[in-house]
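Here is how the chains run, residue by residue.
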Amino acid sequence: MIPGSFDYHRPSSIGDAIGLMSSLGDDAMIVAGGHSLIPMMKLRMALPEHLVDLQDVQSLKSISIENSQITLGAMVTQAELITSEELHEICPLLREAALQIADPQVRYVGTIGGNVANGDPANDMPAIMQTLNASFTLVGPNGERSVAARDFYQGAYYTTREDGEILSSIHLDAPTSGHGSAYEKQKRKIGDYATAAAAVVLTLSGGTCATASIGLTNLSETPLWAEEAASILVGSSLDRETIKAAAAAAKAITNPAEDGRGPIEFRKHVAGIMVERAIAKAHSRAR
Amino acid sequence: MSDIDVKMTINGQEIEAKADPRTLLIHFLREDQNLTGAHIGCDTSHCGACTVDIDGKSVKSCTVFVGQANGSDITTIEGIAHPDGTLHAIQEAFRQNHGLQCGFCTPGMITRAYRLLQENPTPTETEIRYGISGNLCRCTGYQNIVKSIMAASRELSLKEAAE
């Protein structure tokens, strides 16, 4: 398949990239790893007149950790995320989730920024970022602003990012030491998007659940932060009944599409199971 | 739309060319550079038949524009064997262990295994299976491919120990 014609640009700074996006207008698109965009271009579902490649923008490529504050440059690849021991030490959920994305070749190239900015409800990192309460920095011609991951997604492929803005970095506080986390993803085969997936981060205090956060992937037009489900867990001993109740509350906010992954009822059913398993696994990992 | 100038190293040779930006790397390699070893299988970044090594990463060249690869160092299956033509240990292991049937996926499999064994010289069977999970084979059931990579790993480790 041959994509439509475009002009190719490779700026070396974020300032130049924003300048290009402003001057080229609506027909320009940013390319990071390209593993979502290029397939769409081959199908002619995306027809940019200009591609602005960020690979030479070095300032977008670093992982930095200060105290427990994590900053991920938008051009950090999934493979780099996976191999960072320092990151894994304080926030193991990121590696666990990244390893469930696509396959090794795609993870060498696919970026964290592309994964969260694209707005594809099937992408895994948006729900992870909502679970971790991350925020995204957007840089545009009018300067910089920060948007919470929980407020960023508005519909399938539709986010609060304005045309001409570039998502430059992701910021989050590592969960408290001793926390437990898990990402459970049901998929038909390696490389597939989730039939349903759930992320859980929780902390314990003297045997009861002190804090909890739950995110859901590919179960609606946007990633879902299951606030009510998580609140059911807080204060409980994470007994079987409570976990069932939280899973039911999470299921209640899902609105999956019927597709090759199964009918709606099945995908909701799997969502409940993923939530239960993720809670149990996070519990077993918490200290 | 204007052509771009690209410069890259392919299998140790520096090349310069003009290309339409929409040219996919796999087409550039096969049609402009006459390197037809990397194959086009699914053309949707699933099957891995088009895998090449770019700057030390296994990449599906059907999902990379030629401009994105500008300035990079690329190894294709044509660059895996030794300069005197003797097979690389991975290629020899595929031959000895019947690691292919129709052979269509083999360039991608070997190029991927090449990078996998650089990163993890002594992988377990499970690590190999996850490591080649981006490469599909419709003939073998993977059994002999995994066996071949295991054998290559042993052979390369022995060689390293001898050196």
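Just so it is clear, the structure is predicted and the values come from calculations on it, not from any experiment.

On to the domain arrangement of chain A. It is common to give the size of an interface as the accessible area that goes away when the parts come together. Taken domain by domain, chain A comprises domain 1 (7–53), domain 2 (65–173) and domain 3 (180–285). One C-alpha centre belongs to domain 1 of chain A, the other to domain 3 of chain A, and the line joining them spans 35 Å.

This brings us to the environment of A:Leu94. Residue and element names in this part refer to chain A. Among the structural elements, leucine 94 can be located in helix H5 (residues 92–98). Since its relative accessible area comes to 1%, leucine 94 is described here as buried. In contact with leucine 94, other than residues within four places in its own chain, are Leu72, Leu81, Leu87, Met125, Ile128, Met129 and Leu132.

Residues and elements named next belong to chain A. On inspection of all chains with the given rule, the structure shows 4 aromatic pairs over all chains. Between phenylalanine 136 and tyrosine 153 the ring centres are 6.3 Å apart and the planes differ by 85°, which places this aromatic pair in the edge-to-face class. Of the two residues, phenylalanine 136 sits in strand E6 (residues 135–140) while tyrosine 153 sits in strand E8 (residues 153–155), which places them 17 residues apart along the sequence. When the ring of phenylalanine 152 is compared with that of tyrosine 153, the centres are 5.0 Å apart and the planes differ by 90°; the resulting orientation is edge-to-face.

Estimates place the volume of the second largest pocket at around 620 Å³. At the level of elements, helix H3 (78–83) and helix H6 (104–109) of chain A together with helix H3 (106–119) and helix H4 (125–131) of chain B are the ones that each hand at least two residues to the lining of the second largest pocket. For the lining of the second largest pocket, the residue count by class is 9 nonpolar, 5 polar and 7 charged.

Take the sheet that holds strand E2 (residues 13–19) of chain B next. Residues and elements named next belong to chain B. Taken together, 5 strands build an open sheet; the order of strands is E2-E1-E5-E3-E4 and the sheet is mixed. Across the chains shown, the open sheet's two edge strands, defined by having one partner strand only, are E2 and strand E4 (57–60). For this sheet, the mean angle separating the axes of adjacent strands, direction not counted, is 40°. Where strand E1 (residues 4–10) meets strand E5 (residues 73–75), 2 bridges bridge the pair, whose relative direction is parallel. Residue pairing for E5: isoleucine 10 is matched across the bridge by isoleucine 74. The sheet strands contacting helix H1 (residues 25–32) are E1, E2, strand E3 (51–54) and E5, and the helix crosses E1 at an angle near 75°. H3 contacts E3, E4 and E5 of the sheet and is inclined by roughly 35° relative to E3.

So, how was this worked out
- Residues numbered from 1 in each chain as written.
- Chains lettered and ligands numbered in written order.
- Predicted model: local features only at pLDDT ≥ 70, side-chain atom pairs only at ≥ 80, totals over all residues.
- Heavy atoms only, no water.
- Domains from an automatic or database assignment.
- Helix = DSSP H or I, 4+ residues; strand = E, 2+ residues; numbered from the N terminus.
- Buried < 20%, exposed > 50% of the residue type's maximum accessible area, 1.4 Å probe, protein only.
- Contact = heavy atoms within 4.5 Å.
- Phe/Tyr/Trp six-rings, centres within 6.5 Å; stacked < 30°, edge-to-face > 60°.
- 1 Å grid on protein atoms, 1.4 Å probe; cavity = no way out; pocket = protein on both sides within 12 Å on 5 of 7 lines; lining within 4 Å.
- Points joined across faces, edges and corners; volume = space filled by probe spheres on them.
- Nonpolar A, V, L, I, M, F, W, Y, C, P; charged D, E, K, R; others polar.
- Pairing = 2+ DSSP bridges.
- Axes fitted to C-alpha atoms, helices over the stretch in contact; angles between N-to-C directions.

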